[in-house]
Amino acid sequence: MAPFAPKHALADMTFVEFGDRLAERPVVLLPFGSQEEQGPHAPMGDWMLTRDLAAIAAERAGAIVAPTVPFGHADFFRTIPGGIQLRASTFIALVEDVVTAFLDHGVEHLLIFNGHSSNAPLIEQALRGIRRERGVAVPCINVWRSLPDSLWRQLYGEDVARARGHGGEPMTSVYMHLYPERVRPDLVRPSGNAEAFGLPTSGVSAVTFEGMPIQVPLDVTEVNRDGMMGGDPTLASAEKGAAIVEHIASFTTRFIDHIRRCDPRRITTAPVP
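To start, this report covers the structure provided alongside it. Quick caveat, the model's predicted, so the values are computed rather than measured. (Residues numbered from 1 in each chain as written. Predicted model: local features only at pLDDT ≥ 70, side-chain atom pairs only at ≥ 80, totals over all residues. Heavy atoms only, no water.)

Relative orientation of the contacting elements helix α7 (residues 171-178) and helix α9 (residues 238-259) amounts to 100°, with a least axis distance of 7 Å. The angle between α7 and α9 places the two elements in the roughly perpendicular class. On the side of α7, the interface is formed by Ser173, Val174, Met176, His177 and Leu178, while α9 contributes Ala238, Lys240, Gly241, Ala242, Ile244 and Val245. Among the residues making up the contact of α7 with α9, the classes are represented as 7 nonpolar, 3 polar and 1 charged. (Axes fitted to C-alpha atoms, helices over the stretch in contact; angles between N-to-C directions. Helix = DSSP H or I, 4+ residues; strand = E, 2+ residues; numbered from the N terminus. Parallel < 35°, antiparallel > 145°, perpendicular 65-115°, else oblique. Contact = heavy atoms within 4.5 Å. Nonpolar A, V, L, I, M, F, W, Y, C, P; charged D, E, K, R; others polar.)

Now the structure itself:
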């Protein structure tokens, strides 16, 4: 009988197959995404992008990818129907439970693959607690923050500042590359921010007064009726999306190759050659 092809998705493995892989001390990717609006033109399930990018990287690096957690934290999206936002305490507990499910079985080479920027501070809080209690440092890649300025300039030139933003780039281009049939080109339009207290808004957390930020808790629809925060999806393209996917997959693969040679309990020690 021909040997079984190696599997990279935990969901596809039997527990026997996963147990056999433990001897390799594999790196296990833990993807976290979100179910939230991405402007009027793109699917709300952006966790799909996180799932697919993590799968590509895991296969390239010979790692294992766990099922994607599709829900994240961001209260400011609650005014748009269809989103599913977890409470901060729920999300932190979820991160802790997912991570410790592996630690309890001696799997310590873990890497969180976070596809929702607003998850990041809560992930950090959870991982600091885990390190204090279990002695294991778990790194986290914030997917959409891993694009270097050089790539932004290469793809958008002088339009970088106009392109970047929630509901704009880079995610619209990645959708166009991975799921072109799910994008609504007829609904693509630039964003435009409203005012709050008669002052310019700066994201969902601040207004600007005399050139300085003043913290104000805003809902996304108070910033923009389309749920956009900066960004211009008219600058998106499938070709840009392909370049972005390639960078994220290659970057993640290189980091996996690096972290698998490190001891998660001894972060001041250099990786083993």
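Applying the stated criterion across every chain, the model contains 15 salt bridges. The salt bridge partner of Arg189 is Asp226, with a shortest N-O separation of 2.8 Å. Of this pair, Arg189 sits in the loop between α7 and β6 (195-196) while Asp226 is found in the loop between α8 (220-223) and β10 (229-230), placing the two residues 37 residues apart along the sequence. Notably, a salt bridge pairs Asp226 with Arg225, separated by 3.6 Å at the nearest N-O pair. Note on Arg225: relative accessible area 66%, which makes it exposed. One continuous salt-bridge network, built from bridges that share partners, spans Asp159, Arg162 and Asp232. (Salt bridge = Lys/Arg side-chain N within 4 Å of Asp/Glu carboxyl O. Buried < 20%, exposed > 50% of the residue type's maximum accessible area, 1.4 Å probe, protein only.)

Glancing now at the sheet that holds strand β9 (residues 212-215). If you trace the 4 strands from one edge of the open sheet to the other, you get β6-β7-β8-β9, paired in antiparallel fashion. Strand pairing shows two members of the sheet lacking a second neighbour, β6 and β9, which therefore form its edges. Pairing between strand β7 (residues 199-202) and strand β8 (residues 206-209): 2 bridges, direction antiparallel. Along β8, the bridge assignment pairs Ser202 with Ala206. (Pairing = 2+ DSSP bridges.)

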